[in-house]
Amino acid sequence: MTSKNQPPREGGSIEHYDAVIIGAGVSGMYALHHLREMGLSVRVYDGASDVGGTWWYNRYPGARVDGPGSPFYCYTFSEELIEEWDWEETQSEQSAVLAYLEHVADRFDLRRDIQFETWVRDARYDEAAQRWTVETSTGVRACAQFLICAVGALSTANMPDIPGIRDFAGETYHTGHWPHQPVQFEGKRVAVIGTGSSGIQAIPEIAKEAAHVTVLQRTPQFAFPAGNRPITAEDMAHARANWDDFRAKMYASNGGFPADPNPSRSALDDTPEQRQAFYEELWQRGGFGFFLKLYDDIAISEEANATLADFVRGKIRAIVRDPETADKLMPDHFVITKRPILENGYFECFNRDNVALVDLREDPIERFTETSVITRSGEHPIDMLVLATGFDAISGSMLRLNPKGRGGESLKERWRDRFHNYLGLAIAGFPNLFMVHGPGSPGVFYNMPLGAERQLDWIGNLMRHLRDNGKGAAEPTTDSETAWAGEVSAIADATLFPRTDSWWTGANIEGKPRYFSAYLAGSIYYARLAEIAANDYDGFVLEPAHRADDAKAC
Ligand code: NA7
């Protein structure tokens, strides 16, 4: 393994690369490997002290893959990687995913081109030079033709602004910035704010050790059994032997996982008894398969949606012994229109004597003191506060970076009313800047390592096209952005997703443009990318290179 912590470099000087990549998580790591394979000179900057991005930061107790899971939540670009890496569980623990990413970094010698513990503080486009200049927290400045923003869709923590929260003198942790040393819960009274995926994974684990846990819930959630299972040597051998077939299915499916398409069936085609039996079978099996195998109108028809919502509410009532607590846990939004949650003993943990639920809708937080949280009904003395309050998701990390494009216009200005972009990866006024998993792409609705590979392969081809054709910059037109926004919204508006407040719609962050910004059909998205590339990058303006260097082929 190469050295992880490089000393700050001298200020003043500027380093030159073909591409600068911001972020050394799943996407940035592949970006580095791929662009380097293309023969480009590349530098990666990341604020963390090692690779992993989201998987480096989110080390809270209970953190696991909560999508369709292993062995298909992985890179697909290297046959050797598939051959040599064994997954042990379907819902891999955070430490197992991070170990995999560390292995990838070792295997492809990635760290030599990554500068860790280095935040990019500013990124500006120079129109005459057709280049981006970045300034970093360590004083290093770099200049590159291409800027790849692999900044993560879930990496800018949402810190609640509650009166007195800074006065609280006990330990405070955000799940998305969990410490690297073990956190001791024994004997402590812990309050957890937030019942999204992170809170619901963490709460049962904390409750096993803590003296008392107060769960501060704003929105009750639908959660489904995680159905975590061991992956045996035979399972791995089967996945390897049939990898080509699995990979083809991953490419063909909307979510990027090898799911067989379901026969088209409405929830309303079945009798109530048939539906109940079907839901029960899925519930017993558990896992993300629940959502992949469902009736195909659950996210479209209110009536179909209600059949599943009622089923889950019945399950919560059956699990939670205290009827008053069960009432508070009853979700009332359309099921699966907030990020579906996989749980391991979440509802059961409300049967423990050391767990109490506070419904913030009827008993809101008024303030914190040095030693307690005070809600309308009274004071809850605590020793520790866990903020499972999520992220300024999808667009938040791009806005935190706030690059300055043509004429010095900042992204914050450009995105004041909407996250204007084309294909979810390029922005008018910001030539040669490419986002991975940006708003307008399938992003969090797709198998993210595979999505990163597919977007970056496409971006790499566009770079090659520029260089092969004497072009220096690619930039979408605002007309193509408008048409793309219409396409993204038309797909989303045919569903119930935009009608629920969630981080998918930006409703969790005050003042954020509120609309559903993901491209919901992954297979159509990648077909659109292929079609646009085949059509001479329709929707982009390709500007002639101002420098001979930039016209060289790669
Ligand atoms: P989420 O899903 O955004 O959950 C955050 C939770 O925190 C959610 O229950 C929020 O309630 C709650 N929250 C946020 N701010 C506040 C304040 N100010 N007061 C009370 N409650 C608050 O984030 P996660 O980290 O759990 O999951 C993110 C994704 O990571 C997940 O979906 C997986 O894809 C991986 P709300 O629902 O907004 O009312």
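Residues numbered from 1 in each chain as written. Predicted model: local features only at pLDDT ≥ 70, side-chain atom pairs only at ≥ 80, totals over all residues. Heavy atoms only, no water.

Caption draft 1: Here's a closer look at the overall build of the protein chain. When you go through the protein chain residue by residue, the secondary structure sums to 16 helices and 19 strands. Here the C-alpha radius of gyration of the protein chain, 24 Å, is about what a compact globule of 554 residues would show, namely 24 Å. With the principal axes as the frame, the protein chain shows a C-alpha extent of 75 × 55 × 50 Å. A buried classification covers 60% of the 554 residues belonging to the protein chain. Intrachain contacts of the protein chain at a sequence separation of at least 6 include 73% that bridge at least 24 residues. Total accessible area computed for the protein chain in this model is approximately 22000 Å², and 48% of it derives from carbon and sulfur atoms. Charged side chains in the protein chain number 54 positive and 79 negative. The centres of these two groups are separated by 3 Å. (Helix = DSSP H or I, 4+ residues; strand = E, 2+ residues; numbered from the N terminus. Rg over C-alpha atoms; globule rule 2.2 N^0.38 Å. Buried < 20%, exposed > 50% of the residue type's maximum accessible area, 1.4 Å probe, protein only. Contact = heavy atoms within 4.5 Å. Areas by Shrake-Rupley, 256 points an atom, 1.4 Å probe, with all protein chains shown as cover. Lys, Arg positive; Asp, Glu negative; His and termini not counted. Charge placed at Lys NZ, Arg CZ, Asp CG, Glu CD.)

Caption draft 2: A look at the site of the ligand. Taken together, 20 residues lie around the ligand, and Thr195, Ser198, Arg218, Thr219 and Lys338 are the ones closest in. The contact in question runs from an oxygen atom of the ligand to an N or O atom on the backbone of Thr195, over 2.9 Å. The side chain of Ser198 places a nitrogen or oxygen atom 2.6 Å from an oxygen atom of the ligand. Coverage of the ligand by the protein chains reaches 86% of its 780 Å² of free accessible surface. Split by residue class, the shell around the ligand holds seven nonpolar, nine polar and four charged. (Near = heavy atom within 4 Å. Polar contact = N/O pair within 3.5 Å; in protein donor to acceptor, adjacent residues only side chain to side chain. Nonpolar A, V, L, I, M, F, W, Y, C, P; charged D, E, K, R; others polar.)

Caption draft 3: Structural detail: the layout of surface pockets. Roughly 770 Å³ of volume is contained in the second largest pocket. Counting residues per element, the ones that place at least two in the lining of the second largest pocket are α6 (233–241), α7 (243–252), α8 (272–285) and α9 (289–292). In terms of residue count, the dominant contributor to the lining of the second largest pocket is α6 (four residues). Classifying every residue of the lining of the second largest pocket gives 14 nonpolar, 10 polar and six charged. (1 Å grid on protein atoms, 1.4 Å probe; cavity = no way out; pocket = protein on both sides within 12 Å on 5 of 7 lines; lining within 4 Å. Points joined across faces, edges and corners; volume = space filled by probe spheres on them.)

Caption draft 4: Quick look at the sheet that holds strand β8 (residues 189–193). As summarised here, the arrangement of the five strands in space is β7-β16-β8-β9-β12, forming an open sheet in which the pairing is parallel. Sheet topology places β7 (171–174) and β12 (355–359) at the edges, where each strand pairs with a single neighbour. Neighbour-to-neighbour, the strand axes of the sheet open up by a mean angle of 15 degrees, direction not taken into account. Note that β7 and strand β16 (residues 384–387) share four bridges and pair parallel. (Pairing = 2+ DSSP bridges. Axes fitted to C-alpha atoms, helices over the stretch in contact; angles between N-to-C directions.)

Caption draft 5: Representation of the sheet that holds strand β15 (residues 378–381) in the model. The strand order across the open sheet formed by three strands is β13-β14-β15, and the pairing between neighbours is antiparallel. Whereas interior strands pair on both sides, the edge strands pair on one side only; in this sheet they are β13 (365–368) and β15. Between one strand axis and the next, the sheet turns through 25 degrees on average, direction left out of account. Where strand β14 (residues 372–375) lies against β15, four bridges are found, and the strand directions are antiparallel. Across the sheet, Ile374 pairs through a bridge with Glu379, a residue of β15.

Caption draft 6: A negative patch on the surface, seen in detail. A cluster of acidic side chains, namely Glu79, Glu80, Glu83, Asp244 and Asp245, defines a negative patch on the protein surface. Taken together, the elements giving at least two residues each to the negative patch come down to α3 (79–84) and α7. Here Glu83 lies in helix α3. In this structure Glu83 comes out as partly exposed when scored by relative accessible area, which is 47%. (Patch = residues over 30% accessible without salt bridge, like charges linked within 9 Å, V, L, I, M, F, W, Y side chains within 5 Å. Salt bridge = Lys/Arg side-chain N within 4 Å of Asp/Glu carboxyl O.)

Caption draft 7: Structural context of the domain arrangement of the protein chain. If you check the domain split of the protein chain, you get domain 1 (15–51 + 110–156 + 393–500 + 512–544) and domain 2 (165–229 + 257–387). Summarising the inter-unit geometry, the C-alpha centres of domain 1 and domain 2 are found 33 Å apart. Listed as interface residues are seven residues of domain 1 and, on the opposing side, 12 residues of domain 2. Summed over both sides, the interface of domain 1 with domain 2 buries roughly 880 Å², with 63% coming from carbon and sulfur. When the buried area of domain 1 at its contact with domain 2 is split by residue, Leu496, Phe497 and Thr500 rank highest and sum to 60% of it. Taken together, the links from domain 1 to domain 2 amount to one salt bridge. Taking the shortest distance from any N to any O, the salt bridge between Arg499 and Glu302 comes out at 2.7 Å. (Domains from an automatic or database assignment. Buried area = accessible area lost by both parts, 1.4 Å probe.)

Caption draft 8: Representation of unusual backbone geometry in the model. With an omega of 5 degrees, the peptide bond between Ser70 and Pro71 qualifies as cis. By the secondary structure assignment, Pro71 is in the loop between α2 (54–57) and α3. Despite not being glycine, Glu117 shows a phi value in the positive range, around 50 degrees. For Glu117, a relative accessible area of 40% puts it in the partly exposed group. Although it is not a glycine, His437 adopts a positive phi angle of roughly 60 degrees. On the secondary structure map, His437 appears in the loop between β17 (433–435) and α14 (448–468). Since its relative accessible area comes to 7%, His437 is described here as buried.

Caption draft 9: Spatial organisation of helix α1 (residues 26–37). Between its first and last C-alpha atoms α1 spans 17 Å; for 12 residues at 1.5 Å apiece the expected length is 16 Å, and the two agree. A large share of α1 lies buried, amounting to 11 of its 12 residues. Restricting attention to buried positions, one finds in α1 the residues Val26, Ser27, Gly28, Met29, Tyr30, Ala31, Leu32, His33, His34, Leu35 and Arg36. (Expected span 1.5 Å × (residues − 1).)

Caption draft 10: The packing of aromatic side chains, seen in detail. The full count for this structure, using the stated rule, is 48 aromatic pairs. Where Tyr525 meets Tyr526, the ring centres are 4.8 Å apart and the plane angle is 90 degrees; that geometry is what we call edge-to-face. Per residue, the accessibility class of Tyr525 equals that of Tyr526, and both read buried. Following the ring pairs from residue to residue traces out a cluster consisting of Phe224, Phe278, Tyr279, Trp283, Phe288, Phe290, Phe291, Tyr295 and Phe311. Over the ring of Trp56 we find Arg59, and its NZ or CZ is 5.4 Å from the ring centre. Note that Arg454 overlies the ring of Tyr251, its terminal NZ or CZ placed 4.0 Å from the centroid. (Phe/Tyr/Trp six-rings, centres within 6.5 Å; stacked < 30°, edge-to-face > 60°. Lys NZ or Arg CZ within 6 Å of the ring centre and 35° of its normal.)

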